Protein chains: 2
Amino acid sequence: MDNLPSIFGQHDLFDLEDLPEASDDFSRFLFNVRDRFGVDDIAYAGMNPVNGSIFGHVTYNDDWKAHYASQGYHKIDPTLHKARRSIAPVDWARLDRDSNFLMVFDDARDFGIRDQGLTIPVRGPYGDVGGLSVTSSLSQKEWNKLKGEVLVGLQSVAVHVHDMVIRSDNLSNLLRTPTLSHRELEALQWTSAGKSQQDIADILSISNRTVEVHLRSARHKLYALTTAQAVGRAISMGLIYPG
Amino acid sequence: MDNLPSIFGQHDLFDLEDLPEASDDFSRFLFNVRDRFGVDDIAYAGMNPVNGSIFGHVTYNDDWKAHYASQGYHKIDPTLHKARRSIAPVDWARLDRDSNFLMVFDDARDFGIRDQGLTIPVRGPYGDVGGLSVTSSLSQKEWNKLKGEVLVGLQSVAVHVHDMVIRSDNLSNLLRTPTLSHRELEALQWTSAGKSQQDIADILSISNRTVEVHLRSARHKLYALTTAQAVGRAISMGLIYPG
DNA sequence: GGCGCTATTGGGGAAAACCCGTAGTTGAAT
DNA sequence: ATTCAACTACGGGTTTTCCCCAATAGCGCC
C-alpha cells in the first residue's frame, strides 16, 4: 500500500495520495475525475475472475444504476465484453451495433446516457480485470477532439483506480495469495502439457495418488471446478505456461 | 523447475530486431519515444504465452544488449520481476538493492546505464505480460521532476507497444492455426468455465456425446492430448477466454 | 449427381479422473 | 513445544472422459 503513491510525485494530476481509502469515497473520487476531464459520466467496473461477479463505482444516476443492475446488463454489456478481451482502449464508436449493444444503449438513452464513450481495460497480476468507462454527449466532432486529449490521462487513472479497488476488495484478496505450492504448480504445468496423472507421477517419481492430491489442492486454491478450468486460470494468471 | 520461477520462465530471450518484419518500425518508434520524453533509454520486454517466447526491443547499445542476453539477466532482472507482480508503474528507486539488483546494475553501470528508471507493466487477456522501462542519467532532482511529467504518457505508450507486439504475434500464429468450428469453440469455452460435458450438453441443448465429439475434434485440431491441454492452448492463442 | 466437409446423434467399453476419507514425515513458524 | 502447511501415499467407490465404432443431414463445390 505504501510503495505506490510517491512514484507519481506532486506534479501528477492524480496522485495516489489523493485516492480515497474507504470504498464509499470511490464515487466521490470518480465525480472529481469526471469534472476534471469534462466528460458526462465515468464508471469503473472490476471483474472478479473467480466467480465472474462485477463490482464497481459509477457517476451514473441512481435510476440507471438500478435499471442496469436489475436487467443484468453487466452480463451482456458490449463495452465490458470487448474490454475484457482487449489490451488497448475501446472506442464505443467501433463496437458492432448488435442486439446486445442496442438492448443496453436503447435503454440507456432513456436515462440520458449516450452511446458515445470509451472503455479502458486494465489488468492485474492475479487475473483481475477492470474497466474504466467515460461517456460524453458532446457533438461527435467535439468528442473526437476531447477523446484525444483525455485518453492518455484516463489510462493512468484507470490503472490507479483498479489498483486501489483490488487492494481493498476482499474477494480479490483471496486471489492475491495464489500460493500454489511447488508440486501443485508442477502438476498443473505438466497437465497443461497434456500429461495424465500417471504420466506426471512417473515424471516426478511419486505416486499417481499424490499427483491427484496436488491437482485437487490446486483446483481448490484456484476455485476451479475442474482441472481444465484450473489450467486455464493458472495460464491466464501467469502461474504456468501453456504446454 | 525453480522454487522461485524465473520471470519469464525457462525460455530463451530473443530480440525483435532479429525478426525481419516490422522491427524497423518498432525500433524507430522507441527511439522516437525516447527523444520525445527526454529519457536516456527505452526498453520493452514482453512475453506471449502462445509459444512462451520473449520479445525484447530496446534502445540500449549493442554491447549491453549482448551482455544482458549472454548473462541471462532477464531471468533475474529485479525490474522485470517486480513489474510482473505489480499493476502500477515500478520506480526503480524503491526496489531492494538485493544481490540480483546489484548483479544486474553493477554491470549496467559499466555500460553507461544507471539504476534510475521506471518500469511500467502491461497485461493482456491471455496471460501475456510486458514491461516498458525507461532510464535516465539526470540528477535525482531533475529525474523526479521528469518522472512526474512523463509517467502518464509512458503508460499509454506501454499499452500501445504491447498491443502491437502481441497482436502481430497472435496474428502470425492464427495464420498457422486450423480454425475451430463454432461448436468446438463453444464446447471449449464452457469447459474452460468449469462445466462438464453433460453440463455443456444441457446448456447447448445437444447430446453429451455430441459435446464429446466437438471436444475431441478440438483436441485434434489443436494437437492436444487432453482437453485440459486444449483449453490451455486455446486460451493462449486467444481462441477462447479464461472462464 | 457425386465429393468432401462439418454438425449432429448414438452404443459399448476401457481408462482416467474425481471424491471421500486416513495417515506418516518434514520443515518452518509462533 | 506446538501448530500448521506441504508432501507423501493408499483405498474404495463414483463419475467422467476418452476411444473405438456407425449413421443421418446439410452445406458448398466441381
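All of these numbers come straight from a predicted model, not from anything done at the bench. (Residues numbered from 1 in each chain as written. Chains lettered and ligands numbered in written order. Predicted model: local features only at pLDDT ≥ 70, side-chain atom pairs only at ≥ 80, totals over all residues. Heavy atoms only, no water.)

## Comments concerning the pairing of strand β6 (residues 129-135) of chain B
All names here are of chain B.
Okay, step 1: Across the seven residues that make up β6, a large majority, seven, are buried.
Okay, step 2: Because side chains alternate across β6, one face comprises the buried residues V129, G131, S133 and T135, and the other comprises G130, L132 and V134, equally buried.
Okay, step 3: Bridge analysis of strand β5 (residues 117-123) against β6 gives seven bridges, and the strand direction is antiparallel. What sits directly across from R123, in β6, is V129. (Buried < 20%, exposed > 50% of the residue type's maximum accessible area, 1.4 Å probe, protein only. Helix = DSSP H or I, 4+ residues; strand = E, 2+ residues; numbered from the N terminus. Pairing = 2+ DSSP bridges.)

## Things to note about the nonpolar core
Okay, step 1: Core analysis: the largest hydrophobic core is formed by 39 residues, its most contacted members being L188, L222, L239 and I240 of chain A together with L188 and L222 of chain B.
Okay, step 2: Taken together, the elements giving at least two residues each to this core come down to α7 (182-192), α8 (197-204), α9 (208-221) and α10 (227-236) of chain A together with α6 (182-192), α7 (197-204), α8 (208-221) and α9 (227-237) of chain B.
Okay, step 3: Per-element tally for this core: the top contributor is α9 of chain B, with six residues.
Okay, step 4: Beyond its immediate sequence surroundings of up to four residues, I240 of chain A is in contact with L185, L188, Q189, S192, V231, A234 and I235 of chain A. (Core = buried A, V, L, I, M, F, W, Y, C linked by side-chain atoms within 4.5 Å. Contact = heavy atoms within 4.5 Å.)

## A closer look at the interface of chain B and chain A
Okay, step 1: Contacts between the two partners involve 56 residues from chain B, matched on the other side by 48 residues from chain A.
Okay, step 2: For the pair chain B and chain A, the two sides together bury roughly 4,300 Å², of which 63% comes from carbon and sulfur.
Okay, step 3: Between the two partners, chain B and chain A, sit zero salt bridges.
Okay, step 4: Where chain B meets chain A, there are three residue pairs in polar contact (both at pLDDT 80 or more). (Buried area = accessible area lost by both parts, 1.4 Å probe. Salt bridge = Lys/Arg side-chain N within 4 Å of Asp/Glu carboxyl O. Polar contact = N/O pair within 3.5 Å; in protein donor to acceptor, adjacent residues only side chain to side chain.)

## A few points about α9 of chain B
Residue and element names in this part refer to chain B.
Okay, step 1: Among the eleven residues in α9, eleven count as buried, and that is most of the element.
Okay, step 2: Every buried residue of α9 is listed here: T227, A228, Q229, A230, V231, G232, R233, A234, I235, S236 and M237.
Okay, step 3: Positioned one or two residues after α9, G238 has a phi angle of 80°, which is positive.

## What to know about the environment of D110 of chain A
All names here are of chain A.
Okay, step 1: Assignment of secondary structure puts D110 in helix α4 (residues 99-110).
Okay, step 2: When its relative accessible area of 62% is taken as the criterion, D110 is described as exposed.
Okay, step 3: As for D110 and W64, which are separated by 46 residues in sequence, their C-alpha atoms are 9.0 Å apart.

## Notes on empty space enclosed by the protein
Okay, step 1: What the rule picks out here adds up to two cavities of 30 Å³ or more.
Okay, step 2: Taken as a whole, the largest cavity holds about 150 Å³ of empty space.
Okay, step 3: If you trace the largest cavity, you find 14 residues lining it, with V122 and R123 of chain A together with P121, V122 and R123 of chain B closest to the centre.
Okay, step 4: Put simply, the parts of the chain that give the lining of the largest cavity at least two residues each are β4 (117-123) and α5 (140-168) of chain A together with β5 and α5 (140-175) of chain B.
Okay, step 5: For the lining of the largest cavity, the element with the highest residue contribution is β5 of chain B, accounting for four residues.
Okay, step 6: Considered class by class, the residues forming the lining of the largest cavity number ten nonpolar, two polar and two charged. (1 Å grid on protein atoms, 1.4 Å probe; cavity = no way out; pocket = protein on both sides within 12 Å on 5 of 7 lines; lining within 4 Å. Points joined across faces, edges and corners; volume = space filled by probe spheres on them. Nonpolar A, V, L, I, M, F, W, Y, C, P; charged D, E, K, R; others polar.)

## A word on the pattern of salt bridges
Residue and element names in this part refer to chain A.
Okay, step 1: Within this structure, the stated rule accounts for 18 salt bridges over all chains.
Okay, step 2: Between E149 and K145 there is a salt bridge, with its nearest N and O atoms 3.1 Å apart. On the criterion of helical spacing, the pair formed by E149 and K145 is a turn pair, its members being four residues apart in helix α5.
Okay, step 3: For K145, a relative accessible area of 57% puts it in the exposed group.

## Describing the protein's contact with DNA strand D
Okay, step 1: In the region of DNA strand D, 18 residues are neighbours, and S181, R183, S207 and R209 of chain A together with R219 of chain B sit closest.
Okay, step 2: Near the protein, within 4 Å, the atoms of DNA strand D are sugar or phosphate in 64% of cases.
Okay, step 3: One of the backbone nitrogen or oxygen atoms of S207 of chain A is found 2.7 Å away from a phosphate oxygen of DNA strand D.
Okay, step 4: With respect to DNA strand D, the side chain of K221 of chain A contributes an N or O atom lying 3.1 Å from a phosphate oxygen.
Okay, step 5: Among the elements of the structure, α7 and α9 of chain A together with α8 of chain B are those that each provide at least two residues to the surface near DNA strand D.
Okay, step 6: Of the residues forming the surface near DNA strand D, the biggest block, five residues, is contributed by α9 of chain A.
Okay, step 7: A per-class count over the surface near DNA strand D returns two nonpolar, nine polar and seven charged. (Near = heavy atom within 4 Å.)

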